[in-house]
Amino acid sequence: MTDRRGLGHGERFSFSMALMVVSLLWMARDMALWATVLCEAGAVGGALGMLYFGWHYMRSRFPS
């Protein structure tokens, strides 16, 4: 099984969405400052990943 394909843009988009949602859920709790900053970074990273991989997914599905 050496010719196994990697994750596509759709799967990466889904993982980015999951990262953002989990980070936002954890941010709703009362935590230490470092944990809140880490959750904010995860939410921002997830949102940026959603934009990036969503854009590439749309470009691969509907080429112009």
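Our subject is the structure that appears above.
Residues numbered from 1 in each chain as written. Predicted model: local features only at pLDDT ≥ 70, side-chain atom pairs only at ≥ 80, totals over all residues. Heavy atoms only, no water.

### A short note on the overall build of the protein
Step number 1: In terms of helices and strands, the protein carries 2 helices and 0 strands.
Step number 2: For the protein, whose C-alpha radius of gyration is 15 Å, the value lies well above the compact-globule estimate of 11 Å for 64 residues.
Step number 3: Each principal axis of the C-alpha distribution contributes one length, and for the protein these read about 45 × 35 × 15 Å.
Step number 4: Across the 64 residues in the protein, those meeting the buried criterion constitute 20%.
Step number 5: Relative to all contacts within the protein whose residues are 6 or more apart in sequence, the contacts with residues 24 or more apart total 58%.
Step number 6: Summed over all atoms, the accessible surface of the protein reaches about 5,400 Å², with 67% contributed by carbon and sulfur.
Step number 7: Here the protein contributes 6 positive and 4 negative side-chain charges, whose respective centroids are spaced 11 Å apart. (Helix = DSSP H or I, 4+ residues; strand = E, 2+ residues; numbered from the N terminus. Rg over C-alpha atoms; globule rule 2.2 N^0.38 Å. Buried < 20%, exposed > 50% of the residue type's maximum accessible area, 1.4 Å probe, protein only. Contact = heavy atoms within 4.5 Å. Areas by Shrake-Rupley, 256 points an atom, 1.4 Å probe, with all protein chains shown as cover. Lys, Arg positive; Asp, Glu negative; His and termini not counted. Charge placed at Lys NZ, Arg CZ, Asp CG, Glu CD.)

### Brief notes about helix α2 (residues 33-61)
Step number 1: Taking 1.5 Å per residue, 29 residues should reach 42 Å; α2 reaches 41 Å between its end C-alpha atoms and fits that length.
Step number 2: Along α2, the residues that are buried comprise Ala35, Cys39, Gly42, Ala43, Gly46, Gly49, Met50, Phe53 and Gly54.
Step number 3: Where the residues of α2 are buried, they touch α1 (9-27). (Expected span 1.5 Å × (residues − 1).)

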